[in-house]
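Structural overview for review
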Amino acid sequence: MQGAVSPPEWKRYQDPLTGRSILQWTSGQTMNHHLYFTNPSVSADGNAGFFVSYRSGHPNLFRIDLESGRLQRLTDRNDMNPFSPVLASNGPLLYFSARDRIYWLDTDSGESGVLAAFPGGKIGNCSLSRDCRLLEVGIRRTGYCELAVVETWSGKSEICLRAEEVGHVQFCPADSALLLFSGPPRKRLWCHDRCSGRVWRVLGEKP
């Protein structure tokens, strides 16, 4: 789905202390936010930005043309996880979760479809490996959580581990075999090695 193009809402400022130029993408009277902080919100070529807006009453994805400021709505849903979208660095695809499914979206054509489904689960944020061939997600189930990896070209999925809590998932930028995630507050940061199957606390001792 692609909506009609809307006029620019952006505003430009100059920081009085540093002199740096600041570009505010939106000025609509609604909640707008960038993609999850571990995921880029600007395309690799620097021509487009992506953000989530609640202007329809539900969180949906929008694109901003960084040359003209024009906005375009990319989704029309009432169930999207607003912090799940992740933009591929090697093309126009963007991925997001809604309830128990992961969707792909071609940001050029507007075409979309289901990449993978985890019936009965609730999927959190998405993270792409450096080569964009793998997508990492956390899945919340009754009484436990799972960490999963999905092949972006086939939709084939693998449950890597089960834990008390799995959130804030992220591929290690330097090594796609390492999956980072957060656990409960008392034991917060964890790492899982897909090659060896080991899992350990970051800043703690390896088992």
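Counting of residues starts from 1 at the beginning of each chain's written sequence and follows it residue by residue. Two thresholds apply to this predicted model, a pLDDT of at least 70 for residue-level local features and 80 or more for giving and counting side-chain atom pairs, whereas whole-chain, interface and lining totals are computed over all residues. As a rule here, side-chain values come from all non-hydrogen atoms in the structure, and water together with hydrogens is ignored.

1. Digging into the packing of aromatic side chains
Defined as follows: Any Phe, Tyr or Trp ring, taking Trp's six-membered ring, that has another such ring centre within 6.5 Å forms a pair; planes under 30 degrees apart are called stacked, those over 60 apart edge-to-face, and the others tilted. Whether a residue is buried, partly exposed or exposed follows from its accessible area with a 1.4 Å probe, protein chains only, as a fraction of its type maximum: under 20%, in between, or over 50%, in that order. Remark: a charge is flagged as sitting over a ring if the NZ atom of Lys or the CZ atom of Arg is within 6 Å of the ring centre and within 35 degrees of the ring normal.
In total, this model carries 4 aromatic pairs according to the counting rule given. Aromatic side chains Y36 and F37 sit 4.7 Å apart centroid to centroid with 45° between the ring planes, which places their arrangement in the tilted category. Look at F37 and you get exposed, because its relative accessible area is 62%. Feature note: the residues W25, F51 and F62 constitute an aromatic cluster, connected by ring pairs. The ring of W10 is capped by R12, whose NZ or CZ atom sits 5.1 Å from the centre of that ring.

2. Structural notes on the state of the cysteines
Convention followed: A pair of sulfur atoms, both from cysteines and within 2.5 Å, is called a disulfide here.
Enumeration over the complete set of coordinates arrives at 0 disulfides. C160 takes part in no disulfide bond, and the closest cysteine sulfur, belonging to C195, lies 11 Å away. Residue classification places C195 among the exposed residues on the basis of a relative accessible area of 70%.

3. Description of the side chain of S97
For the record, the criterion: Each helix is a run of H or I in the DSSP string that is no shorter than four residues. Each strand is a run of E no shorter than two, and both are numbered from the N terminus. The term polar contact refers here to a pair of N or O atoms within 3.5 Å; inside protein, the definition further demands a hydrogen-donor-capable atom paired with an acceptor-capable atom, and it admits residues adjacent in sequence only when both atoms are side-chain atoms. Whether two residues are in contact is decided by their heavy atoms: any pair within 4.5 Å suffices.
Position of S97 relative to the elements: it lies in strand 9 (residues 93-98). The class of S97 is buried, set by a relative accessible area of 0%. Here the side chain of S97 touches I123 through a polar contact of 3.4 Å, landing on its backbone oxygen. For S97, the residues in contact, after removing those within four places along its chain, are M80, N81, S84, I102, I123, G124 and C126.

4. Side note on the environment of K187
Secondary-structure assignment places K187 in the loop between strand 17 (178-182) and strand 18 (189-193). Judged by relative accessible area, K187 falls into the partly exposed class, the value being 39%. Spatially, the C-alpha atom of K187 lies 16 Å from that of E146, the residues being 41 residues apart in sequence.

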